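Chain and residue survey
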Amino acid sequence: MTQADIRTLSTQFAAEKKGLGAFNVVLLEFGEAIVAAAEEAGLPVILQLSQNAVKYHRGRLAPIGKGVIALAEEARVPVVAHLDHAEDIDLCKAAVDLGFTSVMYDGSHLSDEENRRTTAEITAWCHARGVAVEAELGEVGGKNGVHDPSARTNPQDAARFVNDTGVDLLAVAVGSSHTMTTRTAELDCQLISEIRDAISVPLVLHGSSGVSDEGMRAAIEAGMTKINVSTHLNVLYTAQVRAVLDADEKIVDPRKYGKPGNAAVEAEVARLLRWYAGQ
C-alpha cells in the first residue's frame, strides 16, 4: 500500500486520546521488526530515520532510506516513513525527493528568531510537495538546551511558533530527555494539557524511552499524541545480543545473535503500540 499520511493519523489519534508510536530505525532489521510488530498489533506506526542514523550509514541517505520507504509501502498496516531530528535543510529536501512523506526539521539549537525563520521556510517548501513537517520549539532563553529534563515549553510561545511557521506537529519540552536508559522521567501532564489547548496541531514527545508505562499513558490522556522511542529499543536489543554472545563464545554469525535482539524489539513495539492506543 502507499504510505499513510501522518497528519491524518495524528489528528485522528489526538481526537481519540491515543498515542501514535514512532520508532527509530538504526539498522534496517529494526524497521523490519517494527513493521512486523505493527502488523501483529493491527495498528499504524511511524518508521523514523534520524540524521544521526544517516551519518552512521556513512552519510548516505538513499540505501537505508529506500529500505525504510519500501518497508512502509509494503506493510499491511498504515506506515509513515519519517525523517527524524534533521538539522540539515538539504537532508530534509533530499529525504522528500527520495520519497519520505514526513520530516522533522530540528532548529531548536538556533536562536528563537532563526528557528522560526528556517522552520517556516522548510515547511513551505515541504507543503508545496505534499509533505508534512514536525518541528521543535526549543527552550526560549534557556541555557540547558531543549533536551534537558528541566526545560519547559511555554504554551503561548508554542502557539506563536505554530502560527508563525505553519508546522503540522510540534515537539515540546515537558520533562523528558533523550538517550535515557532508565524509565524514571517525570512528565508535567498539566503543562501538556495547557499546550494542547493553546495550539492547533498534535503534540510530539521526544525522549519517551525514559518514561514509564504509567507516565506515558497519563501523558497521552493529557494530550500527547506522537510518541518517539529509540533508546529503549536499543537497550532491549543489546541485552539480548549480549546474552547470546556471553552464552556461547563460538557464535560468529550475526544472524544467530541478531535474531533474538530483533525478536525483543518486535515484541516490545507490539506491546507499546497497544498500550499507547489504550488496548
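Residues numbered from 1 in each chain as written. Predicted model: local features only at pLDDT ≥ 70, side-chain atom pairs only at ≥ 80, totals over all residues. Heavy atoms only, no water.

**Remarks on the pairing of strand β8 (residues 224–229)**
Regular strands have side chains that alternate between both faces of the sheet. Heads up, the condition is: Here's how the labels work: a residue is buried when its accessible area is under 20% of the maximum for its type, exposed when over 50%, partly exposed in between, all with a 1.4 Å probe on protein chains only. Helix numbering and strand numbering both begin at the N terminus, where a helix is a DSSP run of H or I of at least 4 residues and a strand a DSSP run of E of at least 2. Any two strands are treated as partners once DSSP identifies two or more bridges connecting them.
Extensive coverage of β8 is indicated by the burial of 6 of its 6 residues. Pairing between strand β7 (residues 203–205) and β8: 3 bridges, direction parallel. Its bridge partner being in β8, Leu203 is matched across the sheet by Met224.

**Examining the nonpolar core**
Applicable threshold: As used here, the term nonpolar core means buried Ala, Val, Leu, Ile, Met, Phe, Trp, Tyr and Cys residues forming a set that is joined through side-chain atoms within 4.5 Å. Contact criterion: two residues are considered in contact whenever any of their non-hydrogen atoms come within 4.5 Å of each other.
Within the largest apolar cluster, 75 residues are counted, with the highest numbers of intra-cluster contacts made by Phe23, Phe100, Leu170, Val174, Ile199, Met216 and Met224. Broken down by element, the residue count for this core peaks at 7 residues, all from helix α2 (residues 28–41). Contacts of Met224, omitting those with residues within four sequence positions, involve Lys18, Val172, Val174, Ile192, Leu203, Val204, Leu205 and Ala219. In terms of nonpolar packing, the next biggest core, distinct from the first, is built from 12 residues, Leu20, Ile46, Val80 and Ala171 among them.

**A closer look at the pattern of salt bridges**
The line we're drawing: Note on definitions: salt bridges are taken to be side-chain nitrogens of Lys or Arg within 4 Å of carboxyl oxygens of Asp or Glu.
Following the criterion strictly, the structure yields 16 salt bridges and no others. In this structure, Asp112 and Arg116 form a salt bridge, with 3.0 Å as the shortest nitrogen-oxygen distance. Of this pair, Asp112 and Arg116 are both found in helix α6 (residues 112–127), 4 residues apart, which corresponds to roughly one turn of the helix. Overall, the relative accessible area of 28% leaves Asp112 in the partly exposed class. Residue Arg117 is joined to Glu121 by a salt bridge in which the shortest nitrogen-to-oxygen separation is 2.8 Å. Placement of both Arg117 and Glu121 in helix α6 is noted, with a separation of 4 residues, approximately one turn of the helix. Assessed through its relative accessible area of 45%, Glu121 is described here as partly exposed. Beyond isolated ion pairs, a larger network of salt bridges with shared partners links Asp112, Arg116 and Asp164.

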